[in-house]
Amino acid sequence: MQWNQAALTRRIEVSAHHRPADLVIRGGQIVNVFSGEITVADIAIIDGMIAGIGSYEGKEIVDASGKWIIPGLIDGHVHIESSLLSPKEFARVVLQHGVTSVITDPHEIGSVAGVEGIRYMLEQSEGLPMDQFVMLPSCVPATPFESCAARLTAEDLEPFYSHPRVLGLAEVMDYGALAGAEPGMVEKLASAHAHGKRIDGHAAGIAADQLDVYAAAGIRTDHECINAEEAKQRLALGMYVMIREGTATRDLEAILPAVNPHNARRCVFVTDDKLTDDLLDEGSVDHNVRLAIRYGLPPVTAIQMATLNTAECFGLRDRGAIAPGYIADLVLLDHLEELTIHSVYKQGRPVVIERQLQEAAFPATTLSNATHTAALSRCHMTPLEADHLALPLRSERCNVIEVIPQSIVTRHAIEQADIVNGHFVPSVERDLLKLVVAERHQATGHIGRAIVKGFQLKRGAIVSTVAHDSHNLIAAGASDEELLLAIRHVTELGGGLAVIDGEQVLASLPLSIGGLLSELPYEQVYMQLGQLQQALQHIGAAQHFDPFLTLSFLALPVIPTLKLTDLGLFDFAAGRHISVEAIEQPHSLPQT
């Protein structure tokens, strides 16, 4: 529609003042992300596209005097599933924060439901007043070190490349398969390149010389650098650095010193994983922009990193700026540096007016067919008893997963465990809890058991079916009885989150779509997350990080240092499972 003959004719006629625009936004202070200037002018819009900047007449006039106008924000890398919301409800939240486009990787639901999961995300995001572009999951399963419900091959992904909202291949996290040029991985890379698509990186814990492997494969982005030095290494190779500020991982302050006038155009903002309560309370990439300005980045540069830079990174030539020939994705601000959002326009149509979401802009969204429902609604587990959770030990000296607050990286600690009758017993006094990962897709009965430090529970247990990347069930608790109740409860829900105290379920949130997403409106999810947070306080959980999101990454073996899968305790540095008993020296990476 944008570039057909009729649309072009109308746009040119408006630009040349031969016909009135559909809409003119008048008198606002326009942020020019090309020149860095701020100018006062009219924005003429027709057919959802900008036709001119200057002095124009239109059928409808919006007075933007005293407002700043910036392009619609773009989140360069996000897993919508981490919000626990359906695509529609996610859009209802982030549009209120000025985000009109996102680049999403449906890796999580792809890991649970394969191609059906990808189809679900594409179908449920159709017709929304925001653009949810997709990068296809590259690593399902992520590694051979855990049980996964699905397997996505290059052949499985191939048909999706014809979809207009599929931009490429998502984060390549299996460095071993990449560096070893394993045929399955190379086939996926070659297919993406053959279709002229982008490929995202995932270079967590990778040494500087190993980055060459990513660059040589044509991978041009990475969101896993955690400090300025790592950012500089990627920028030197011509990669885009994705500066992440999510719920569990907050890297912006550490990376920002690497950004300078020479390389800022190769930097973009992303959230990666952010829960609904944080999206509502803090925001999406608008929060990144505000933080960057607070830390000294010029406002126009920070806005550029959340708009034009991201659009150019992904070849989205029709957005990211306010200029003729660009989509009229616009955000009106009451305050530039605080990024105080007043109104949001998607393709020239108001979706947020005076901070009020325009519900009429949203279509009704339901699961398209029974096949989706069957494929996405499952929690198939072998019935568990207390003895299935037992962790036998011969030695008190144990390898322990130590949580690092606000990080998905963990420490490899060595601790003296309490042993009773040859089995580990959690100690809330010493903050040593039992961690369990149980396979939940194929009823294999696989259960991994380990010791975790850092949650600070005084009693009780927490459980989730969100456990990156294979999304088996994960739980941490102060006793086997409470762990067992937690596991049984979320299994009955068909997936979800829960907090247990003794024999009582204090709070829970059902996640009926693949054990990952709620069918509820975001307002109800927000309320139930609040109840979960209150329950966490009741059992004494740490308050300086999000326990549930941190828990969800303790099963992710592609991130340093120690993690737990359903097959056992995994040492990232050694590249293998190890015993909970510290009968050998740890192979941990040096701490950064």
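Residues numbered from 1 in each chain as written. Predicted model: local features only at pLDDT ≥ 70, side-chain atom pairs only at ≥ 80, totals over all residues. Heavy atoms only, no water.

Within this structure's numbering, the places UniProt gives as "domain: Amidohydrolase-related" (unreviewed entry) are residues 68-350. Structurally, residues 68-350 is divided into 34% helix and 21% strand, and its ends, taken at the C-alpha atoms, are 16 Å apart. (UniProt positions renumbered as here; feature names shortened; annotations may be inferred. Helix = DSSP H or I, 4+ residues; strand = E, 2+ residues; numbered from the N terminus.)

Residues I243 and F455 are the most contacted members of the largest nonpolar core, which totals 154 residues. With seven residues, the single largest contributor to this core is helix α3 (residues 107-124). Residues within four places of F455 in sequence aside, it is in contact with V403, D431, L433, I462, G540, A541, A542, F545, P547, T550, L551 and L554. Grouped together as the second largest cluster of nonpolar side chains are 18 residues, L389, A438, A461 and A498 included. (Core = buried A, V, L, I, M, F, W, Y, C linked by side-chain atoms within 4.5 Å. Buried < 20%, exposed > 50% of the residue type's maximum accessible area, 1.4 Å probe, protein only. Contact = heavy atoms within 4.5 Å.)

Right, let's talk about the UniProt feature "domain: Adenine deaminase C-terminal" (unreviewed entry) in the protein chain for a bit. The UniProt record marks residues 408-573 with the feature "domain: Adenine deaminase C-terminal" (unreviewed entry), using the residue numbering of this structure. Helix makes up 22% of residues 408-573 and strand 33%, and the two end C-alpha atoms of the span are 15 Å apart.

Turning to the sheet that holds strand β29 (residues 568-571), a few remarks are in order. The strand order across the open sheet formed by three strands is β28-β29-β30, and the pairing between neighbours is antiparallel. Single-partner strands in this sheet number two, and they are β28 (562-565) and β30 (576-578). Adjacent strand axes in the sheet meet at a mean angle of 45° when their direction is disregarded. (Pairing = 2+ DSSP bridges. Axes fitted to C-alpha atoms, helices over the stretch in contact; angles between N-to-C directions.)

In this chain, H468 is followed by D469 through a cis amide linkage whose omega measures 0°. Cis rather than trans, the peptide bond between P560 and T561 has omega equal to 0°. With respect to the element layout, T561 can be found in the loop between α17 (547-552) and β28. Here the phi dihedral of R355 falls at roughly 70°; this positive angle occurs in a residue that is not glycine. Mapped onto the secondary structure, R355 falls in the loop between β16 (349-353) and β17 (356-357). Judged by relative accessible area, R355 falls into the partly exposed class, the value being 46%. Even without being glycine, H471 reaches a positive phi, approximately 55°. In this fold, H471 is placed in the loop between β24 (461-464) and β25 (473-477). Note on H471: relative accessible area 0%, which makes it buried.

Quick look at the sheet that holds strand β19 (residues 410-416) now. Backbone-to-backbone hydrogen bonds join strands into a sheet, with any given pair of strands oriented parallel or antiparallel. A sheet is described by the order of its strands in space; here eight strands give the open sequence β19-β18-β23-β22-β25-β24-β26-β27, paired in mixed fashion. The outermost strands of the open sheet, each flanked by one partner alone, are β19 and β27 (504-510). If you compare each strand with its neighbour and ignore which way they point, the axes differ by 25° on average. When strand β26 (residues 496-501) meets β27, the two strands line up antiparallel, connected through six bridges. Bridge pairing links A498 to S508 in β27. Against the sheet, helix α15 (residues 480-493) contacts β22 (432-438), β24, β25, β26 and β27, and its axis sits at roughly 150° relative to β26. Along the sheet, helix α16 (residues 522-538) makes contact with β24, β26 and β27, crossing β27 at roughly 150°.

Bringing the packing of aromatic side chains into the picture now. Summed over the entire model, instances satisfying the criterion amount to four aromatic pairs. Sitting over the face of the ring of W3, R11 holds its NZ or CZ atom 4.6 Å from the ring centroid. (Phe/Tyr/Trp six-rings, centres within 6.5 Å; stacked < 30°, edge-to-face > 60°. Lys NZ or Arg CZ within 6 Å of the ring centre and 35° of its normal.)

Turning next to the confidence of the model for the protein chain. Within the protein chain, residue pLDDT values average 94, and 96% of them lie at 70 or more. Here residues 367-371 is a poorly scored stretch, pLDDT under 50, and it has eight contacts once near neighbours within four places are set aside; other chains count. Across residues 586-592, where pLDDT falls below 50, the model places 20 contacts with residues more than four positions away in sequence or in other chains. (pLDDT = per-residue confidence, 0-100.)

Our next topic: the state of the cysteines. Taken as a whole and judged by the stated rule, the model has zero disulfides. You can see C267 has no disulfide; the closest cysteine sulfur is in C225, sitting 8.5 Å from it. On the basis of relative accessible area, C267 is assigned to the buried category, the value being 1%. (Disulfide = S-S within 2.5 Å.)

Within β25, five of the five residues are buried, which leaves it mostly tucked inside the rest of the structure. Here β25 shows no split at all, with L473, A475 and G477 on one side and I474 and A476 on the other all buried. Taken together, the four bridges between β24 and β25 define a ladder with antiparallel strand orientation. For V463, the partnering residue across the bridge sits in β25 and is A475.

Mapped onto the fold, L189 is located in helix α6 (residues 183-194). Expressed as a C-alpha distance, the spacing of L189 and I199, which sit ten residues apart in the sequence, is 7.6 Å. Dropping the residues within four chain positions of it, L189 is found in contact with L169, V172, L178, I199 and A217.

On to empty space enclosed by the protein, then. Applying the stated criterion across every chain yields a total of six cavities of 30 Å³ or more. Empty space within the largest cavity amounts to approximately 100 Å³. Taken together, 16 residues make up the lining of the largest cavity; nearest its centre are H79, E171, H202, F553 and L556. Of the residues contributing to the lining of the largest cavity, the split by class is six nonpolar, four polar and six charged. Of the voids in this model, the second largest cavity is the one considered here, and its volume is about 70 Å³. (1 Å grid on protein atoms, 1.4 Å probe; cavity = no way out; pocket = protein on both sides within 12 Å on 5 of 7 lines; lining within 4 Å. Points joined across faces, edges and corners; volume = space filled by probe spheres on them. Nonpolar A, V, L, I, M, F, W, Y, C, P; charged D, E, K, R; others polar.)

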